[in-house]
Amino acid sequence: MVNTQLIDQSLFDYLLSVPFREKFERGINKSGLIGDRAATIGRCWDWIKGKHPRGYGAISLTKNGFHIHLKTHRVSWIIYKRTIPDGLCVCHLCDNPSCVNPDHLFIGDQADNMRDKRLKGRAAKADSHGNSKLNWDLVNRIRSEYWSKNLSQKELAFKFGINRSTLYDIVNRRSWVEPARG
Ligand SMILES: [Zn+2]
């Protein structure tokens with residue numbers, strides 16, 4: 001087995017080939033539905049074949065004599081959105097680690113990835129909003145992402161695992177108000 005995260009040019013080209021894409025798409029159930037989230041970001045595409053113990057979908061292939069395992073959400077990003085910048089992660093907007101819907105994925109840094117894992121851990125514990133997990137670092141990120149306007153308020157609240165009224169209070173500084181200086 002080789003490192004699953006290293007994807008060289010020839011493997012990249014193979015992942016974009018029609019036969020591989022067809023094989024990949026046979027492993028997807030596009031009518032996955034996770035609670036009420038389908039209303040905001042669409043249905044999950046559940047990976048229905050092999051799963052990694054942590055819940056990620058896994059796909060194996062043989063390339064140049066090597067048996068390779070790849071995480072299916074990363075493969076999905078490559079097939080539908082192309083490149084994963086060096087050192088960055090593919091994270092889930094939904095809390096469903098086996099989801100490969102490209103619209104539910106985003107490129108994040110290690111902090112996003114850790115948060116992604118925490119969100120999933122928390123989802124597993126069925127903690128409904130987890131607002132108590134907020135800290136200043138998260139609040140500052142939420143505010144900067146809110147002003148960058150890349151995600152809607154719904155998506156942003158979802159990404160950070162908070163409800164929309166909490167998001168509203170944070171971005172309008174009704175909560176988490178910095179102490180006055182001086
Ligand atoms: Zn999803």
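Residues numbered from 1 in each chain as written. Predicted model: local features only at pLDDT ≥ 70, side-chain atom pairs only at ≥ 80, totals over all residues.

Caption draft 1: Representation of the overall build of the chain within the structure. From N to C terminus, the chain includes eight helices and six strands. Order of helices (α) and strands (β) in the chain, N terminus to C terminus: α-α-β-α-β-β-β-α-β-β-α-α-α-α. Classification of the 182 residues of the chain by burial places 26% in the buried group. Contacts in the chain between residues far apart in sequence, at least 24 positions, make up 49% of those at least 6 positions apart. (Helix = DSSP H or I, 4+ residues; strand = E, 2+ residues; numbered from the N terminus. Buried ≥ 20, exposed ≤ 12 C-beta atoms within 10 Å, placed from the backbone. Contact = placed C-beta atoms within 7 Å.)

Caption draft 2: Quick look at unusual backbone geometry. Of note in this structure, R82 is not a glycine but carries a positive phi near 80°. Checked against the element boundaries, R82 lands in the loop between α4 (72-81) and β5 (89-92).

Caption draft 3: Structural context of the packing of helix α6 (residues 136-148) against helix α8 (residues 164-171). Taken N-terminus to C-terminus, the directions of α6 and α8 make an angle of 85°; their axes are 10 Å apart at the nearest point. Taken as axis vectors, α6 and α8 run roughly perpendicular relative to one another. Of the residues in α8, those touching α6 at V139, I142, R143 and Y146 are L167, I170 and V171. Class assignment of the residues belonging to the contact of α6 with α8 gives a composition of six nonpolar, no polar and one charged. (Axes fitted to C-alpha atoms, helices over the stretch in contact; angles between N-to-C directions. Parallel < 35°, antiparallel > 145°, perpendicular 65-115°, else oblique. Nonpolar A, V, L, I, M, F, W, Y, C, P; charged D, E, K, R; others polar.)

Caption draft 4: Geometry of the pairing of strand β3 (residues 58-63). Across six bridges, β3 lies against strand β4 (residues 66-71) in antiparallel orientation. Within the sheet, the bridge partner assigned to S60 lies in β4 and is H69. Following β3, the chain reverses through two residues before pairing antiparallel with β4; N64 in that reversal takes a positive phi of roughly 50°. (Pairing = 2+ DSSP bridges.)

Caption draft 5: Representation of the nonpolar core. Core analysis: the largest hydrophobic core is formed by 22 residues, its most contacted members being L105, A157 and L167. Those elements that provide at least two residues to this core are β2 (44-47), β5, β6 (105-108), α7 (153-159) and α8. For this core, the two domains that each supply at least three residues are domain 1 (1-126) and domain 2 (128-182). Leaving out residues up to four positions away in the same chain, A157 has contacts with I162, N163, R164 and L167. Judged by nonpolar contacts, the second largest core, of five residues, contains L15, F24, I59 and V75. (Core = buried A, V, L, I, M, F, W, Y, C linked by C-beta atoms within 7 Å. Domains from an automatic or database assignment.)

Caption draft 6: Main features of α6. Taking 1.5 Å as the rise per residue, α6 with 13 residues should run 18 Å; its terminal C-alpha atoms sit 18 Å apart, in good agreement. With its phi angle positive at about 60°, K149 sits one or two positions after the end of α6. (Expected span 1.5 Å × (residues − 1).)

Caption draft 7: Summary view of the environment of R164. Note that R164 resides in helix α8. Among residues more than four places away in sequence, those in contact with R164 are Q153, K154 and A157.

Caption draft 8: Quick peek at α4. Every buried residue of α4 is accounted for by T72, H73, R74, V75, S76 and W77. Following α4 by one or two positions, R82 adopts a phi angle in the positive range, close to 80°.

Caption draft 9: Representation of the environment of R43. With respect to the helices, strands and loops of the structure, R43 is situated in the loop between α3 (38-41) and β2. R43 gets classed as partly exposed once you count the C-beta atoms within 10 Å, which come to 19. The sequence separation of R43 and N29 amounts to 14 residues, and the corresponding C-alpha distance is 9.8 Å.

Treat this as a map of the structure, not an account of what it does.
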